Amino acid sequence: MIEGPDRTPLSHDFFERPVLEVAPDLLGRVLVRTSPDGPIELRLTEVEAYAGEADPGSHAYRGRTARNSVMFGPPGYAYVYFTYGMWHCLNVVCGPEGTASGVLLRAGEIITGAEIARKRRLSARNDKELAKGPARLATALDVDRGLNGADLCTGGEEPLTLLTGTPISPDQVSSGPRTGVGGEGAVHPWRFWTPNDPTVSPYRAHTPRRRRT
């Protein structure tokens, strides 16, 4: 008999570890979004690690602000930010409280509630594209700043929960540079993904913005 994914919520202790331990260990875990429209469940296939004030690519690199205060802990909570004036992105706070590290949830396979996600992602050509990229993931799951600071470890009827799922073996995890990160932060191979999974987003190097003259 083949057992299904473990439905036990991950604990806060799971996230109270260095970000480079937590990030690859999230692959294969199941994110549950509970809403009035019904539940959506997503198997994580791609993530990125951000190491707080030690990481030039992190929102917390220059210290605490009103925008990033959730990143400073406690671990196991959602950090949601708005980018390019258009999109939301969902992160999970990790590491000891005060370290401001987190993991960006970049992509996943929707395993329950695809019919709900399709209504939010009308441009998706197929179900593999519903959450293929961080903005698409947040859109498909109806994640916005209202969920900033949500506890991901409680379970029950909470809006977001991360379940144990079926983690992939560490020797099967692929890693490489983070998408769109430039400068000193570009050298870190802190993007982790499930190899050969069609829901993983394509890598894009950082492109400097040109100022209008």
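Data block above holds the structure.
Here the residue index of a chain counts from 1 through its sequence in written order. Confidence filtering applies because this is a predicted model: local features only for residues at pLDDT of at least 70, side-chain atom pairs given and counted only at 80 or more, and all residues used for totals across whole chains, interfaces and linings. The side-chain values count all of the structure's non-hydrogen atoms but skip hydrogen atoms and water molecules.

S.K.: I'd like a description of the overall build of the protein chain, backed by residues and values.
M.R.: In terms of regular secondary structure, the protein chain is built from 4 helices and 9 strands. Starting at the N terminus, the α and β elements of the protein chain follow one another as β-α-α-β-β-β-β-β-α-α-β-β-β. When we talk radius of gyration, it's over C-alpha atoms, and the globule rule is simply 2.2 Å times the number of residues to the 0.38. Computed over C-alpha atoms, the radius of gyration of the protein chain comes to 16 Å, within 12% of the 17 Å expected from 2.2 N^0.38 for 213 residues, which places it in the range of a compact globule. Dimensions of the protein chain, computed from C-alpha atoms along their principal axes, come out at roughly 55 × 40 × 35 Å. In this scheme, a residue with accessible area under 20% of its type's maximum is buried, one over 50% is exposed, and one in between is partly exposed, where area comes from a 1.4 Å probe on protein chains only. A buried classification covers 50% of the 213 residues belonging to the protein chain. Long-range pairs, those at least 24 residues apart, make up 63% of the contacts in the protein chain between residues at least 6 apart in sequence. Entry remark: accessible area of the protein chain is about 10800 Å², with carbon and sulfur atoms responsible for 51%. For the purpose of charge, His is not counted, nor are the chain termini; Lys and Arg are scored as positive and Asp and Glu as negative. Here the site of a charge means NZ on Lys, CZ on Arg, CG on Asp, or CD on Glu. In the protein chain, the 25 positive side-chain charges and the 25 negative ones have mean positions that sit 12 Å from each other. Per the convention used, a helix needs a DSSP run of H or I reaching at least four residues, while a strand needs a run of E reaching at least two, with both numbered from the N terminus. Contacts between residues were defined by any pair of non-hydrogen atoms, one from each residue, lying within 4.5 Å. For the area figures, the Shrake-Rupley method with a 1.4 Å probe applies, and any residue is considered shielded solely by the protein chains shown.

S.K.: Talk me through the pairing of strand β5 (residues 87–94); I want residue IDs and the actual numbers.
M.R.: Here β5 lies mainly inside the structure; 7 of its 8 residues are buried. Here the rule is simple: two strands pair whenever DSSP picks up at least two bridges between them. Sheet topology note: the strand β4 (residues 78–83)/β5 ladder contains 6 bridges and is antiparallel. When the sheet's bridge partners are listed, V80 is paired in β5 with L90. Pairing analysis gives 4 bridges linking β5 to strand β6 (residues 101–112), with the strands arranged antiparallel. Note on β6: the bridge partner recorded for V92 is V103. Count of turn residues in the β5/β6 antiparallel hairpin: 6 residues, of which G95 carries a positive phi of about 85 degrees.

S.K.: Tell me what's going on with the packing of aromatic side chains, and back it up with residues and numbers.
M.R.: Under the pairing criterion, centres of Phe, Tyr and Trp rings, with the six-membered ring standing for Trp, must be within 6.5 Å; the plane angle then separates stacked pairs below 30 degrees from edge-to-face pairs above 60, leaving the rest tilted. What the rule picks out here adds up to 2 aromatic pairs. Between F14 and F15, the aromatic rings sit 4.9 Å apart at their centres with planes inclined by 80 degrees, giving edge-to-face as the arrangement. Taken as a pair, F14 and F15 share a single burial class, namely buried. Here the aromatic rings of Y79 and Y81 are separated by 5.7 Å at their centres, their planes lie at 40 degrees, and the arrangement is tilted. Of the two residues, Y79 and Y81, neither departs from the other in class, the shared state being buried. Charge over a ring is defined by NZ of Lys or CZ of Arg lying within 6 Å of the ring centre and within 35 degrees of the ring normal. Seen from the ring of F72, R64 lies directly overhead, with NZ or CZ sitting 4.4 Å from the centre.

S.K.: So what's going on with the side chain of E48? Residues and values would help.
M.R.: By the element assignment, E48 lies in strand β3 (residues 40–50). Residue classification places E48 among the buried positions, given a relative accessible area of 1%. Here a polar contact means two N or O atoms within 3.5 Å. Within protein one must be a hydrogen donor candidate and the other an acceptor candidate, and residues neighboring in sequence count only if both atoms are side-chain atoms. At 2.6 Å, the side chain of E48 forms a polar contact with the backbone nitrogen of T179. Setting aside anything within four residues of it in sequence, one finds E48 in contact with G102, V103, L104, R106, R178, T179, W190 and R191.

S.K.: Describe the layout of surface pockets, and please don't skip the residues or the numbers.
M.R.: Throughout, the protein atoms alone are placed on a 1 Å grid, and a set of points is a cavity if a 1.4 Å probe fits but cannot get out or a pocket if it is open with protein on both sides within 12 Å along at least five of seven lines; lining residues have an atom within 4 Å of a point. Grid points are joined across faces, edges and corners, and a volume is the space filled by probe spheres set on the points. Estimated volume of the largest pocket: approximately 1200 Å³. As for the largest pocket, its lining consists of 40 residues, of which T83, Y84, R106, T179 and G180 are closest to the centre. Breaking the lining of the largest pocket down by element, the ones donating at least two residues are β3, β4, β5, β6 and α4 (134–140). A per-class count over the lining of the largest pocket returns 16 nonpolar, 15 polar and 9 charged. Amino acid classes used here: Ala, Val, Leu, Ile, Met, Phe, Trp, Tyr, Cys and Pro are nonpolar; Asp, Glu, Lys and Arg are charged; the rest, including Gly, are polar.

S.K.: Give a description of unusual backbone geometry that names residues and reports values.
M.R.: Here the amide bond leading from G73 into P74 is cis, since omega sits at 5 degrees, within 30 degrees of zero. One can find P74 in the loop between β3 and β4. Despite not being glycine, D142 shows a phi value in the positive range, around 55 degrees. You can see D142 is positioned in the loop between α4 and β7 (160–165). Judged by relative accessible area, which is 36%, D142 ranks as partly exposed. Here N196, not a glycine, exhibits a phi torsion of approximately 65 degrees, which is positive. Within the element layout of this structure, N196 appears in the segment after β9 (191–193).

S.K.: Explain the environment of V22 to me, and be specific about the residues and the numbers.
M.R.: In this fold, V22 is placed in helix α2 (residues 19–25). In this structure, the C-alpha to C-alpha distance between V22 and P75, residues 53 residues apart in sequence, is 11 Å. Sequence-distant contacts of V22, defined by excluding residues within four places in its chain, comprise F14, F15, R17, C94 and V103.

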